[in-house]
Amino acid sequence: MNKSVLVILLIVIGISSCSHYDDIQKTAKESIAGDDESHKSGQNCMSCHNASGSNEALQEGGWWTIAGTAYRSSGNYAKEGLVELWTGPNRTGSLLYKLAIDELGNFYTGKIVDFKGGAFPVLIDKNGDLNNAMQSSTLIGACNSCHGISTPNISFK
Ligand code: HEC
Ligand code: HEC
């Protein structure tokens, strides 16, 4: 093959894989307030919704970059409020991402989120006020890989 043809071919492949990536990002699912599309509250979502997960979980759901479950102090699933990720503790620094909690207490996104040096998660109540905050930062978006396993559930006060 002629060298310049090869270069052009590689460029075309590069562009097409790039726009495929953009498509995935555009159609990436995300939790919506009041929605009940999700399932398996409390389980580690990323044990299935990851790059090497089952085809079904990936095609009908997606590959979550952040996902988990939030509870009320009563132990029931929270059905409202938000999860926010900040660069500093207790809602300080800059906001990295914001996700709605759905009808099953779940929050999730397939969008790529930059955790910068580490994200501080907080729970925001329905009035928009800070309710509870993680005091350490995380680079892992699989919240239920720790919560409910090695540390208590994510819970509103
Ligand atoms: C044991 C594997 C497994 C776990 C754990 C899991 N899922 Fe899924 N998920 C699937 C499969 C398989 C599908 C596609 C078939 C279906 O909808 O049941 C799916 C589909 C979905 C969908 C798309 C439903 C639709 O109809 O469009 C959402 C949203 C979802 N999962 C969210 C979550 C969340 C949030 C968690 C964690 C709280 C989670 N999943 C945990 C396997 C899993
Ligand atoms: C590597 C394990 C780990 C991961 C991953 C993790 N957490 Fe935590 N989280 C903890 C620990 C340990 C504490 C208690 C100590 C602290 O606040 O640092 C905590 C505390 C919290 C608290 C305050 C108290 C509570 O339990 O409600 C919230 C809210 C919280 N985490 C939310 C999240 C969210 C949302 C995610 C996912 C974006 C997440 N965490 C990911 C380990 C983790």
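As a reminder, the structure under discussion sits directly above these lines.
Every chain is numbered independently, its residues counted from 1 as its sequence is written. Lettering for chains starts from A, numbering for ligands starts from 1, and both go in the order in which the items are written. Residues qualify for local features only when their pLDDT is at least 70, as the model is predicted, and side-chain atom pairs are given and counted only at 80 or more; totals for whole chains, interfaces and linings, by contrast, use all residues. Heavy atoms from the whole structure form the basis of all side-chain values; hydrogens and water molecules are not counted.

*Asks:* What am I meant to see in the coordination of the iron atom of ligand 1 here?
*Replies:* Only nitrogen, oxygen and sulfur atoms within 2.8 Å of the metal, or 3.2 Å for Na, K and Ca, are treated as donors, and water is left out, so sites may look incomplete. Around the iron atom of ligand 1, the protein supplies H39 (NE2) and H49 (NE2) as donor atoms, at distances of 2.0 to 2.1 Å. Partly exposed describes any residue whose relative accessible area lies between the buried limit of under 20% and the exposed limit of over 50%, with all areas from a 1.4 Å probe on protein chains only and scaled to the type maximum. The exposure class assigned to H39 is partly exposed, which follows from its relative accessible area of 45%.

*Asks:* It is not clear to me how the site of ligand 2 should be interpreted in this structure. Could you clarify?
*Replies:* Surveying the vicinity of ligand 2 reveals 20 residues, the closest of which are M134, S136, C143, C146 and H147. Definition of a polar contact: a pair of N or O atoms within 3.5 Å, with one able to donate and the other able to accept a hydrogen when the atoms are protein atoms, and with sequence-neighbouring residues admitted only if both atoms are side-chain atoms. Contact between ligand 2 and N132: an oxygen atom at 3.3 Å from a side-chain N or O atom of the residue. Taking Q135, its main chain carries an N or O atom lying 2.8 Å from an oxygen atom of ligand 2. In this text, helices come from DSSP runs of H or I with a minimum length of four residues, and strands from runs of E with a minimum of two, each type numbered from the N-terminal end. Secondary structure elements with two or more residues in the shell around ligand 2: β2 (82-88), β5 (120-124), β6 (130-133) and β7 (154-155). Here a residue counts as near a molecule or strand whenever at least one of its heavy atoms sits within 4 Å of it.

*Asks:* What is the right way to look at the coordination of the iron atom of ligand 2 in this model?
*Replies:* By definition of the ideal shapes, a tetrahedral metal site with four donors has angles of 109.5 degrees and an octahedral site with six donors has angles of 90 or 180 degrees. Looking at the metal site, the iron atom of ligand 2 is ligated by M134 (SD) and H147 (NE2), spaced 2.0 to 2.1 Å from it. By the criteria applied here, four donors are tetrahedral when all angles lie between 85 and 135 degrees, four are square planar and six octahedral when opposite donors are over 155 degrees apart and every other angle lies between 65 and 115, and any other arrangement is irregular. For the iron atom of ligand 2, the 6 donor atoms in the first shell make angles of 87 to 178 degrees at the metal, a pattern classed as octahedral. Of this pair, M134 sits in the loop between β6 and β7 while H147 sits in the loop between β6 and β7; the two residues are 13 residues apart in sequence, bridging distant segments of the chain. Residue classification places M134 among the partly exposed positions, given a relative accessible area of 25%.

*Asks:* How should the pattern of salt bridges be read in this particular structure?
*Replies:* Two side chains that carry opposite charge are able to pair once their charged atoms sit near each other. Salt bridge, as used here, is a side-chain nitrogen of Lys or Arg placed within 4 Å of a carboxyl oxygen of Asp or Glu. Under the defined criterion, the tally for this structure stands at 2 salt bridges. In this structure, E37 and K29 form a salt bridge, with 4.0 Å as the shortest nitrogen-oxygen distance. E37 sits in the exposed class, given a relative accessible area of 56%. Here K29 falls in the partly exposed class, since its relative accessible area comes to 32%.

These figures capture arrangement, not role.
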